[in-house]
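Structural characterization, general
The residues making up each chain are set out below.
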Amino acid sequence: PASLDVLSTEALLVLLQQLLKNLQHGDYIDELQLQQLKQGHSDVAVVALLDQLCHQISVFDFEKAEQTVNKLYAHFGETNVLGKD
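The notes below deal with the structure included here. Model, not experiment: these values are computed from the prediction.

It is worth spelling out the nonpolar core at this point. Counting residues in hydrophobic clusters, the biggest one holds 21 residues, and the most contacted among them are Leu12, Leu16, Leu37, Leu53, Ile57, Val69 and Leu72. Of all the secondary structure elements, the ones that give two or more residues to this core are helix H1 (9–25), helix H2 (31–37), helix H3 (44–58) and helix H4 (62–75). Ranked by residue count, the leading element in this core is H1, at seven residues. Discounting residues that sit within four places of it in the chain, Leu12 has contacts with Leu7, Leu37, His41, Val46, Leu50 and Phe76.

Moving on: the packing of aromatic side chains. In the structure shown here, the tally under the stated rule is one aromatic pair. A ring pair is formed by Phe60 and Phe62, whose centres lie 5.9 Å apart and whose planes are at 80°; its orientation type is edge-to-face. Judged by relative accessible area, which is 63%, Phe60 ranks as exposed.

Rules used throughout
- Residues numbered from 1 in each chain as written.
- Predicted model: local features only at pLDDT ≥ 70, side-chain atom pairs only at ≥ 80, totals over all residues.
- Heavy atoms only, no water.
- Core = buried A, V, L, I, M, F, W, Y, C linked by side-chain atoms within 4.5 Å.
- Buried < 20%, exposed > 50% of the residue type's maximum accessible area, 1.4 Å probe, protein only.
- Helix = DSSP H or I, 4+ residues; strand = E, 2+ residues; numbered from the N terminus.
- Contact = heavy atoms within 4.5 Å.
- Phe/Tyr/Trp six-rings, centres within 6.5 Å; stacked < 30°, edge-to-face > 60°.

Here it is as structure tokens:
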């Protein structure tokens, strides 16, 4: 397909959960994960936060990246889902 579909909210939250785990454990963040984030979302506010998140990860500012993930959770009315492990 010429263009990738934008991420659904459910898919995005799953991706963010995995990303947050990686950030908190200091794990390597896969380029594929970043590419998935860049697929975008139907909500422009979310897209802006995703762009910010990708930038923070690319400059290794993991503390700010973690804050951005939490902002995204808050945007969707979710709490940090890692507490449910």
